Amino acid sequence: MTGKTIIRPYGDTTGDGMVQLSFTLPIPLDKRAEGAAVQLAAKMGVDPAMVVHAKQMGTGYTFFVVYGRVHHLVDLSAVQVIERDFPLLTAKEVNALIRQQLRRKLVVVGACIGTDAHTVGIDAILNLKGIAGEKGLEYYRELRVLNLGAQMPVPDLVERARAEKADAVLVSQVVTQRDAHLHNVREMAAAFREAIPADRRPLLIAGGPRFDELAADELGVDRIFGRGTTPREVASYLVYALVTARAARRAA
Ligand code: B12
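None of these values were measured; they are calculated from a predicted model.

A. Examining the overall build of the protein more closely. Regarding its fold elements, the protein presents 7 helices and 10 strands. Whereas a compact globule of 252 residues would reach a radius of gyration of roughly 18 Å, the protein reaches 23 Å, over 25% beyond that. If you line up the protein on its principal axes, its C-alpha atoms span 70 × 50 × 35 Å. Across the 252 residues in the protein, those meeting the buried criterion constitute 41%. Here the contacts in the protein between residues at least 6 apart in sequence split such that 66% fall between residues at least 24 apart. Total accessible area on the protein is roughly 14500 Å²; 53% of this is exposed by carbon and sulfur atoms. With 32 positive and 28 negative side-chain charges, the protein shows a separation of 5 Å between the mean positions of the two kinds.

Spelled out as structure tokens, the structure:
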């Protein structure tokens with residue numbers, strides 16, 4: 001792939017354009033339902049499209065997997081993503097930088113907000129046991145971590161963050177039905193802006209598997225972390241945003 005900026009999907013032979021997609025239609029499984037799935041895939045640009053799996057889900061719904069060719073090309077030079085723009089530190093380095101430059105513990109408050117009760121993601125980042133072989137933020141000696149758990153109302157979160165003098169607030173949103181994750185994060189960011197003056201406002205971080213990491217500004221937060229985030233990345237970002245970048249600004 002070196003040097004190539006235009007690529008196509010690959011199924012059987014290089015560049016053949018083959019993709020696989022899955023979806024559910026609100027009709028029972030029969031020949032007509034399979035025809036409907038092919039029609040939908042064709043309208044999405046999959047041509048020819050082949051139903052390779054169809055399974056009725058309860059009464060009146062069918063789950064499909066369709067395999068077929070698309071003619072679209074991907075221009076890698078036009079791809080936009082958030083690249084990590086801070087160094088990835090070890091726990092030892094994180095602790096040392098906080099100790100040397102801040103000379104106090106960094107306070108982190110985390111929660112799931114709104115009606116969201118999916119705590120596994122935020123627990124993976126905060127709790128000692130962590131994820132993917134990495135310990136969570138509770139393991140870092142120079143971080144004081146308060147995990148407020150599930151369904152935390154925004155006003156309570158703001159109050160707690162203020163009372164604890166939080167340096168950073170981490171919120172998790174996993175349920176995305178009717179864009180609840182976007183509404184909740186916007187509401188949270190607005191509440192912090194209203195309640196706490198800019199120079200004392202904690203760093204606001206949102207996370208969850210279906211966020212667009214490019215949407216931080218639009219949602220009013222400082223950073224978004226998506227699917228597969230590890231605690232070390234978050235700890236490194238906290239140090240970058242709250243300790244080293246701040247120190248560099250002061251020195252300039
Ligand atoms: C476990 C689970 C549950 C458990 C949650 C238990 C708990 N204590 O968390 C229970 C059974 C309670 C549950 C309930 C529901 N669930 Co559920 N659940 C799941 C499931 C299977 C796994 C989620 C999970 O734990 N992932 C593992 C963690 C580690 O991954 P993660 O959350 O992505 O977190 C990582 C990153 O995203 C990131 N991250 C996440 N948060 C944050 C925050 C910060 C600050 C940072 C930095 C990073 C970060 O770091 C983490 C580590 O890498 C998913 C399906 C799936 N396979 O994803 C459905 C799923 C999320 N659930 C779903 C639904 C619909 C529900 C219910 C509404 C079902 C119902 N009708 O009752 C309820 C809602 C309950 C509620 N009020 O929230 C849907 C959501 C669909 C949507 N579009 O929103 C899913 C996708 C299933 C599906 N395909 O339909 N659920």
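B. Main features of the sheet that holds strand 4 (residues 62-69). Taken in spatial order, the 3 strands make up an open sheet running 2-4-3, and their pairing is antiparallel. Because the sheet does not close on itself, it has two edges, and the strands there are strand 2 (18-25) and strand 3 (49-56). For this sheet, the mean inter-axis angle between neighbouring strands, taken without regard to orientation, is 20 degrees. As defined by bridge partners, strand 3 adjoins strand 4 across 7 bridges and the pair is classed as antiparallel. Each residue of the ladder has a partner; that of alanine 54, found in strand 4, is phenylalanine 64.

C. Quick look at the coordination of the cobalt atom of the ligand. In this structure, the cobalt atom of the ligand receives exactly one donor atom from the protein: His118 (NE2), at 2.2 Å. Tracing the backbone through its elements, the reader meets histidine 118 in the loop between strand 6 (106-112) and helix 3 (120-126).

D. Highlighting helix 7 (residues 231-251). Along its 21 residues, helix 7 runs 29 Å from first to last C-alpha, staying within 8% of the 30 Å computed at 1.5 Å per residue. At tyrosine 240, helix 7 shows its maximal bend, which comes to roughly 40 degrees. On its buried side, helix 7 packs onto helix 2 (91-102), strand 6, helix 3, strand 8 (168-172), strand 9 (203-207) and strand 10 (223-225).

Reading guide: rules and limits
Per chain, residue numbering runs from 1 following the sequence as it is written. Local features in this predicted model are restricted to residues whose pLDDT is 70 or higher, and side-chain atom pairs enter the listing and the counts only when it is 80 or higher, whereas totals over whole chains, interfaces and linings include all residues. Here the side-chain values reflect all heavy atoms present in the structure, with hydrogen atoms and water set aside. For helices the rule is a DSSP run of H or I covering at least 4 residues; for strands it is a run of E covering at least 2, with both sets numbered from the N terminus onward. Computation of the radius of gyration draws on C-alpha atoms alone. For the globule rule, the value is 2.2 Å times the number of residues to the power 0.38. Whether a residue is buried, partly exposed or exposed follows from its accessible area with a 1.4 Å probe, protein chains only, as a fraction of its type maximum: under 20%, in between, or over 50%, in that order. Whether two residues touch is decided by their heavy atoms; if any such pair falls within 4.5 Å, the residues are in contact. Accessible areas in this description were obtained via Shrake-Rupley with a 1.4 Å probe; residue shielding takes into account the shown protein chains only. When charges are counted, Lys and Arg are positive and Asp and Glu negative, with His and the chain ends excluded. In this description, the location of a charge corresponds to atom NZ of lysine, CZ of arginine, CG of aspartate or CD of glutamate. Should DSSP find at least two bridges between two strands, the strands are taken to pair. Lines fitted to C-alpha atoms define the axes, with helix axes restricted to the stretch in contact, and inter-axis angles between N-to-C directions lie between 0 and 180 degrees. As a rule, N, O and S atoms within 2.8 Å of a metal are its donors, except that Na, K and Ca use 3.2 Å; water is not among the atoms, so sites may look incomplete. Here the expected span of a helix is defined as 1.5 Å times the quantity of residues minus one. At every residue, the bend is computed as the angle between two fitted axes, covering the seven residues ending there and the seven beginning there respectively.

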